[in-house]
Amino acid sequence: MQIRRKDFPENFIFGTATSAYQIEGAVNEDGREPSIWDTFSHTPGKTKNSENGDIACDHYHKYKEDIQLMKEIGFDAYRFSISWPRVMKQGKIKNEKGLDFYNRLVDALLENGITPFVTLYHWDLPQSLHEKGGWLNPDMALYFQDYAALMFETLGDRIKFWITLNEPWCSAFLGYFLGIHAPGHNNLEEAFTVAHTLLRAHGYAVKVFRELIKDGKIGLTNVVTKIEPANETDEDFQAAIIVDELINGWFHDPVIFGRYPDTAKGLLKQIGVNINEDEMDIISEPIDFFGVNYYTRQLIAYDPQNQLMYKNVEGPLPKTEMGWEIYPEGLYDVLKKLHQRYSIPLYVTENGMAGPDKLENGMVNDIYRIEYLENHFLSALKAINEGVELKGYFIWSLLDNFEWAEGYSKRFGLIYVDYETQKRYLKRSAIWLKDFLKR
Ligand code: FCB
């Protein structure tokens with residue numbers, strides 16, 4: 001079935017998403033200080049080929065060209081993130097030159113009719129604050145509040161859509177338990193401490209937002225994964241419930257209901273992990289929407305050898321270059337579930353795929369990406385038609401970029417980046433999208 005833009009509600013927003021460390025480069029310019037990702041990626045062996053974001057897509061210098069490309073494709077909106085170490089020295093003193101960059105970026109977006117959606121924290125904590133304990137230090141929530149206030153004051157006259165954190169599950173669990181993201185720790189208890197500080201930081205930012213901005217919307221973006229038991233056994237079902245609560249529930253329930261999910265809490269108690277539950281009233285400051293980053297599903301089996309009593313099982317479906325199963329039905333399922341459980345407006349703030357992209361005669365023929373997007377759009381549409389309040393959809397990503405631990409080996413862009421020349425090429429999917437987005 002062919003999907004058309006006009007199948008979506010009239011004011012539905014189509015956009016694209018990026019994040020600061022993944023595209024900006026210019027890591028030493030205009031007073032920017034290092035973040036935990038600079039430190040981590042410069043530690044040999046932490047990323048593929050020990051690659052880093054020093055130059056990335058050089059978007060800091062090429063933002064005008066990139067905005068023209070967004071306009072050419074026809075996007076209504078652009079989701080980007082602010083680099084905290086670019087706008088604040090030592091994480092707390094404002095850096096005018098860094099702020100100027102975002103002022104110029106936002107002005108250029110608006111001049112081109114593109115609505116900015118901004119994420120305050122997409123994983124690049126100032127290294128100076130990490131040295132004060134980082135997210136393990138409960139005070140980090142207050143540092144974040146001050147940083148958020150600075151950004152609301154600086155850009156709040158022009159930006160009306162704000163996202164506090166991107167995927168706190170990744171910051172906490174990939175960063176502090178699995179050690180594959182910055183700062184690379186391996187401690188389960190730390191991961192839960194960090195998760196709690198991040199959620200408090202979110203709440204404090206929402207609180208100050210309401211004081212400063214009267215005509216804007218604020219929300220939180222989580223990675224939402226469809227969790228399924230690997231086998232039809234009671235043990236796998238139970239393990240899947242716990243994983244669902246740990247990945248999905250842990251970062252949604254407290255924000256809406258002011259409490260952590262019970263089943264997972266029970267398991268943590270059993271294995272001796274302490275959970276801090278203070279300031280749940282701050283964490284549950286009312287928000288306006290949830291952002292949903294959806295990529296795949298996970299198949300879960302019970303595994304008593306593992307600290308959290310589960311393991312991931314490889315699924316049978318076709319996979320992207322990340323090794324993630326392609327599962328568009330899962331998007332429908334998670335949107336329905338979020339709507340039913342939290343009854344709050346939703347945006348898909350990320351969805352897309354890494355493909356085996358090859359540049360040939362100036363073109364990447366990524367028909368697999370077109371198919372991926374079409375099928376995920378259909379799932380979103382089905383959810384909308386069944387009453388889910390989904391208001392927009394952002395494709396990850398505008399450009400091929402620095403894919404964290406995977407370095408530059410994974411290409412998610414609608415636009416191919418030749419990293420040698422920094423030349424950009426619209427992929428076949430971008431051309432398809434251009435036609436799709438035409439009103
Ligand atoms: C998400 C991240 C984003 C990007 C995509 C592929 O988890 O938010 O920065 O890396 O995955």
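Bear in mind the structure is a predicted one, so any value in this text is a computation, not a measurement. (Residues numbered from 1 in each chain as written. Predicted model: local features only at pLDDT ≥ 70, side-chain atom pairs only at ≥ 80, totals over all residues. Heavy atoms only, no water.)

Q: Now, about the environment of Ile-275: what can you tell me, with residues and values included?
A: Looking at the secondary structure, you find Ile-275 in the loop between helix H12 (262–270) and helix H13 (280–283). With relative accessibility at 22%, the residue Ile-275 sits in the partly exposed group. Apart from the residues lying within four places of it in its own chain, the contact partners of Ile-275 are Phe-192, Trp-250, Tyr-260 and Leu-268. (Helix = DSSP H or I, 4+ residues; strand = E, 2+ residues; numbered from the N terminus. Buried < 20%, exposed > 50% of the residue type's maximum accessible area, 1.4 Å probe, protein only. Contact = heavy atoms within 4.5 Å.)

Q: Quick one: what's the story with unusual backbone geometry, residue by residue and with numbers?
A: Omega for the bond connecting Ala-182 with Pro-183 falls within 30 degrees of zero, at 5 degrees, which places this linkage in the cis form. Within the element layout of this structure, Pro-183 appears in the loop between helix H8 (168–176) and helix H9 (188–212). Residue Trp-396 is joined to Ser-397 through a cis peptide bond whose omega torsion reads 10 degrees. On the secondary structure map, Ser-397 appears in the loop between strand S13 (390–396) and strand S14 (415–418).

Q: Can you tell me about the site of the ligand, naming the residues and giving the values?
A: Near the ligand the following residues occur: Gln-22, His-122, Trp-123, Asn-166, Glu-167, Asn-293, Tyr-295, Glu-350, Trp-396, Glu-403, Trp-404 and Phe-412. Within the side chain of Glu-167, one N or O atom sits 2.6 Å away from an oxygen atom of the ligand. Relative to its unbound accessible area of 290 Å², the ligand is 96% covered by the protein chains. Residue composition of the shell around the ligand, by class: five nonpolar, four polar and three charged. (Near = heavy atom within 4 Å. Polar contact = N/O pair within 3.5 Å; in protein donor to acceptor, adjacent residues only side chain to side chain. Areas by Shrake-Rupley, 256 points an atom, 1.4 Å probe, with all protein chains shown as cover. Nonpolar A, V, L, I, M, F, W, Y, C, P; charged D, E, K, R; others polar.)

Q: Which residues make up the sheet that holds strand S8 (residues 226–229), and what values do they have?
A: Taken together, three strands build an open sheet; the order of strands is S8-S10-S11 and the sheet is mixed. Only two strands of the sheet have a single neighbouring strand rather than two, namely S8 and strand S11 (310–313). On average, each strand axis in the sheet is tilted by 40 degrees relative to the strand beside it, whichever way the strands run. Examined bridge by bridge, S8 and strand S10 (residues 297–302) share four bridges and lie parallel to one another. Across the sheet, the residue bridging to Ile-227 is Gln-298, located in S10. (Pairing = 2+ DSSP bridges. Axes fitted to C-alpha atoms, helices over the stretch in contact; angles between N-to-C directions.)

Q: Outline the nonpolar core, supporting the account with residue identities and numerical values.
A: With 158 residues, the main nonpolar core has Trp-135 and Phe-377 as its most contacted residues. It is H9 that contributes the most residues to this core, 13 residues altogether. Those residues in contact with Trp-135 that sit more than four places away from it in its chain are Trp-84, Tyr-121, Leu-125, Met-140, Phe-144, Tyr-176, Thr-193, Val-194, Thr-197, Leu-198 and Ala-201. (Core = buried A, V, L, I, M, F, W, Y, C linked by side-chain atoms within 4.5 Å.)

Q: Quick one: what's the story with the pattern of salt bridges, residue by residue and with numbers?
A: Pairing between side chains of opposite charge can happen when their charged atoms approach one another. Scanning the model with the defined rule gives 32 salt bridges in all. In this structure, Asp-215 and Lys-160 form a salt bridge, with 3.1 Å as the shortest nitrogen-oxygen distance. One end of the pair, Asp-215, is in the loop between H9 and strand S7 (217–223); the other, Lys-160, is in the loop between helix H7 (140–155) and strand S6 (161–166), and 55 residues separate them in sequence. Each of Asp-357, Asp-366, Arg-369, Asp-400, Arg-411 and Lys-427 takes part in salt bridges that share partners, so that together they form one network. (Salt bridge = Lys/Arg side-chain N within 4 Å of Asp/Glu carboxyl O.)

Q: Report on the environment of Ile-93, specifying residues and quantitative values.
A: Within the secondary structure, Ile-93 sits in strand S4 (residues 93–94). Ignoring sequence-local partners within four residues, the contact set of Ile-93 consists of Val-87 and Met-88.

Q: Just give me the short version of the packing of aromatic side chains, but keep the residues and values in it.
A: This structure, assessed with the given rule, holds 48 aromatic pairs. Pairing Phe-12 with Phe-14 gives two aromatic rings, centres 5.1 Å apart and planes at 65 degrees, and the pair type is edge-to-face. Looking at Phe-14, the relative accessible area reads 1%, which means it is buried. Ring centres of Trp-250 and Tyr-260 lie 4.3 Å apart, and the angle between their planes is 15 degrees; this geometry places the pair in the stacked category. Of the two residues, Trp-250 is situated in the loop between helix H10 (234–247) and helix H11 (253–257) and Tyr-260 in the loop between H11 and H12; the sequence distance between them amounts to ten residues. Through a chain of ring-to-ring contacts, three or more aromatic side chains come together here, namely Tyr-21, Trp-37, Phe-40, Trp-123, Phe-402, Trp-404, Tyr-408 and Tyr-419. Positioned over the ring face of Tyr-327 is Arg-297, at 4.7 Å from the centre of the ring. The positively charged end of Lys-382 is found above the aromatic ring belonging to Tyr-332, 4.0 Å away from the centroid. (Phe/Tyr/Trp six-rings, centres within 6.5 Å; stacked < 30°, edge-to-face > 60°. Lys NZ or Arg CZ within 6 Å of the ring centre and 35° of its normal.)

Q: If you had to explain H8 to someone new, which residues and values would you point to?
A: In terms of residue burial, H8 counts as a mostly covered element, since nine of its nine residues are buried. Those residues of H8 not exposed but buried are Pro-168, Trp-169, Cys-170, Ser-171, Ala-172, Phe-173, Leu-174, Gly-175 and Tyr-176. In the core, the buried residues of H8 are packed alongside strand S5 (115–121), helix H6 (127–130), S6, H9, S7 and H10.

Q: Describe the sheet that holds S13, with residues and values.
A: Strand-to-strand pairing in sheets goes through backbone hydrogen bonds, with the strands running parallel or antiparallel. Pairing is parallel around the closed barrel formed by eight strands, whose spatial order is S1-S2-S5-S6-S7-S9-S12-S13. Each neighbouring strand pair of the sheet contributes to a mean axis angle of 25 degrees, computed without reference to strand direction. Relative to S13, strand S1 (residues 13–17) runs parallel, the two being bridged by five bridges. Across the sheet, Ala-17 pairs through a bridge with Trp-396, a residue of S13. The strands touched by H8 within the sheet are S5, S6 and S7, with S7 carrying the most contacts at an inclination of about 40 degrees. Where helix H14 (residues 328–342) meets the sheet, it contacts strand S9 (289–293), strand S12 (346–350) and S13, and its direction lies at approximately 140 degrees from that of S12.

Q: Account for the side chain of Gln-298, with residues named and values stated.
A: Positionally, Gln-298 belongs in strand S10. Here Gln-298 is in contact with Thr-225, Lys-226, Ile-227, Glu-228, Ile-247 and Asn-312, once residues within four sequence places are set aside.

So far we have only geometry, and geometry alone does not tell us how the molecule works.
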